[in-house]
Amino acid sequence: MSGKPTAIIFGGLNTCSRALAAFLVPLDGEPLVSHLRIVDKYSVNPPTTYLGAEFPQVLEKGIVEYKQANLTIPSTVTSCFDPPAGQEAYSYVFDLTGEIQWDRPEQVQIKTTFNVARLVGLEAAKRKVQAYVRLQHPFYECKEKGSHDEKEDVKPDGVLGTWWHETLRMLASIEDLNLVVLRSAMVYGPYVDYGVVMCFIAVASTYGYIKQPMKALWGPGKHPTHTVHVEDVAGGMWACAEWMSKIGRKEANSIAGEEILFKNDKSKVKEVEGMVAPDQKCVAPAFNIEDDSNTSMADLGNIITSFFGTTFEFHNFLTNMLANWKLEENVEEINESHVSNWTEMIQKSNPPVSKLHYTAYMDLYHLKKHVVAFNATKLKEVVGYKLRRPQINHDTLREVIDKLKAEGSWPNLQGSS
Ligand SMILES: *[C@@H]1O[C@H](CO)[C@@H](O)[C@H](O)[C@H]1NC(C)=O
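Just so we're clear, the structure is a prediction, and the values are computed from it rather than from any experiment.

Cut-offs and rules
- Every chain is numbered independently, its residues counted from 1 as its sequence is written.
- For a predicted model such as this one, the threshold for reporting local features is a pLDDT of at least 70, and the threshold for listing and counting side-chain atom pairs is 80 or more; totals across whole chains, interfaces and linings nevertheless cover every residue.
- Based on all heavy atoms of the structure, the side-chain values leave hydrogens and waters out of the count.
- For Phe, Tyr and Trp, where Trp contributes only its six-membered ring, two rings pair if their centres lie within 6.5 Å, and the inter-plane angle classes them as stacked under 30 degrees, edge-to-face over 60, or tilted in between.
- Secondary structure elements are taken from DSSP: a helix is a run of H or I of four residues or more, a strand is a run of E of two residues or more, and numbering for both begins at the N terminus.
- Three exposure classes are used, based on accessible area relative to the maximum for each residue type with a 1.4 Å probe and protein chains only: buried under 20%, partly exposed in between, and exposed over 50%.
- Throughout, the term near means that a residue has one or more heavy atoms lying within 4 Å of the molecule or strand in question.
- In the analysis that follows, any N or O atom pair within 3.5 Å is treated as a polar contact, provided that within protein one partner can donate a hydrogen and the other can accept it, and provided that, for residues neighboring in sequence, both atoms belong to side chains.
- Accessible surface area values rest on a Shrake-Rupley calculation with a 1.4 Å probe, where residue burial reflects the displayed protein chains alone.
- Throughout this entry, Asp, Glu, Lys and Arg are counted as charged residues, while Ala, Val, Leu, Ile, Met, Phe, Trp, Tyr, Cys and Pro are counted as nonpolar. The remaining residues, Gly among them, count as polar.
- Axis geometry follows a simple rule: fit a line to the C-alpha atoms, using only the stretch in contact for helices, then measure angles between N-to-C directions, giving values from 0 to 180 degrees.
- For this classification, under 35 degrees means roughly parallel, over 145 means roughly antiparallel, 65 to 115 means roughly perpendicular, and everything else is oblique.
- Helix crossings fall into two classes, left-handed where the near helix is turned counterclockwise from the far one by less than a right angle and right-handed where it is turned clockwise.
- Working rule for contacts: check all heavy atoms of both residues, and any pair within 4.5 Å makes them a contact.
- Boundary definitions for the domains trace back to an automatic or database domain assignment.
- Buried area adds together the accessible area that both of two parts lose upon being put together, with accessible area traced by a 1.4 Å probe.
- Here a salt bridge means any side-chain nitrogen of Lys or Arg lying within 4 Å of a carboxyl oxygen belonging to Asp or Glu.

### Focus on the packing of aromatic side chains
Point 1. Within this structure, the stated rule accounts for 14 aromatic pairs.
Point 2. Taking the centre distance of 5.2 Å and the plane angle of 85 degrees together, the rings of Trp 243 and Phe 287 count as edge-to-face. In this pair, Trp 243 sits in helix α7 (residues 230–256) while Phe 287 sits in strand β13 (residues 283–289), placing the two residues 44 residues apart along the sequence. For the pair Trp 243 and Phe 287, one class covers both residues: buried.

Here it is as structure tokens:
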């Protein structure tokens, strides 16, 4: 045996799992684990979801195994923990499960976010895994001003945010689980195909193409819109696992425990099996992760639009008011030019775009104002994590776009980004 830990990644093929797998088992270089199992509902061969160019190569590594599984079924979850013959029980579990679509009904959130994590968490506790790192997305409305640390009382955003947050309380209540919660800012990076930043990048590219300023709602744009590179989400999860495995839950709680407040409707407790009573105190070690860019929405807009050779502005106050007031009704109109320009860019691309996956369509969620700020000082000080990509800038954007162009999923136009 190599003495390295073994790991399972549950879910998240549509978010950060592919980057995490590539971090644990890099294409060039020493793997951090002796064996990695990845479990999700998708088929990877043939793929039933977007995989990006690098992940299939990670899957070809001998120490990596992919399992397609329906994690809503308890016996399936149990069997995912059975190690391959001759191998000891899994050391680390990375829990990236959960439904990320903002418009799914509550019953779907309960079934696929709350219940799946509960099955995985309970089984992981039973198997005594040394670390269980849960990735929490920025499904919160943060405060515009403040410390932005883990103690700040942030409001879960809608049905999606409420059940993701409830899931944290449930996991925290599993006493024997070596749980660490890592809460990320807005993720971007190569092959990341979800979230507000990547959508913004696609739309900004269309304004660069027509050489017009990109005009945004929500002026003056001073609210924090903090970002994190997907490689740092992966690195942060790994660092949390290593940290936890040395100390265990009890000590971790005493060093870094945070109370996870009740934010749900009290009547749900009777309806949902495994939900923790509102008055029960739930404490888990929890860390934020974001880069050091500290971007406001205007900053982020300037960085991204200037990359595509254009500028970022805000609509005037009146347009703002109107759009804000009737946003639901204006989604299609707002998208008309984005989508037609994106289509034109794809048609003109040389070499042609062979994978039609990314889009410049901004749905209601992406058009809404999101305030996200999760100060990462605690992760740096307590876990000792050092950011690999401390700034979002033209270099990090260039890398993203170049990789997408190379795999044929981003339009390649002469003389433009
Ligand atoms: C997963 O299993 C559940 C429960 O049996 C079922 O309702 C659901 O359709 C299954 N999902 C998939 C994608 O097969």
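Continuing now.
### Examining the site of the ligand
Point 1. By nearness alone, every residue bordering the ligand is listed as Asn 70, Thr 72, Ile 73 and Lys 111.
Point 2. Note that an oxygen atom of the ligand is positioned 2.3 Å from one of the side-chain N or O atoms of Asn 70.
Point 3. Contact between the ligand and Thr 72: an oxygen atom at 3.2 Å from a side-chain N or O atom of the residue.
Point 4. Within the complex, 31% of the 360 Å² of free accessible area of the ligand lies under protein.
Point 5. Tallied by class, the residues present in the shell around the ligand amount to one nonpolar, two polar and one charged.

### Observations concerning the packing of helix α9 (residues 297–307) against helix α14 (residues 394–407)
Point 1. Put simply, α9 and α14 touch, their axes get as near as 10 Å, and they point 55 degrees apart. Overall, the two elements α9 and α14 adopt an arrangement that is oblique. Handedness of the crossing formed by α9 with α14: right-handed. Together, Ile 303, Ile 304, Ser 306 and Phe 307 of α9 and His 394, Leu 397, Arg 398 and Ile 401 of α14 make up the contact between the two elements.
Point 2. Grouping the constituent residues of the contact of α9 with α14 by class yields five nonpolar, two polar and one charged.

### Regarding the domain arrangement of the protein chain
Point 1. Examined at the domain level, the protein chain breaks down into domain 1 (6–189 + 228–294 + 372–396) and domain 2 (196–224 + 297–371 + 399–407).
Point 2. Computed over C-alpha atoms, the centres of domain 1 and domain 2 are 28 Å apart.
Point 3. Counting residues at the interface gives 28 residues for domain 1 and 23 residues for domain 2.
Point 4. Between domain 1 and domain 2, a total of about 2,100 Å² is buried, with carbon and sulfur atoms accounting for 58% of that surface.
Point 5. Linking domain 1 with domain 2 are three salt bridges.
Point 6. Between Lys 369 and Glu 144 there is a salt bridge; the shortest N-O distance is 2.9 Å.
Point 7. Between domain 1 and domain 2 we count 15 residue pairs in polar contact (both at pLDDT 80 or more) in total.
Point 8. If you list the elements that add at least two residues to the side of domain 1 that touches domain 2, you get β6 (140–141), β9 (186–188) and α14.
Point 9. By residue class, the composition of the side of domain 1 that touches domain 2 is 13 nonpolar, eight polar and seven charged.

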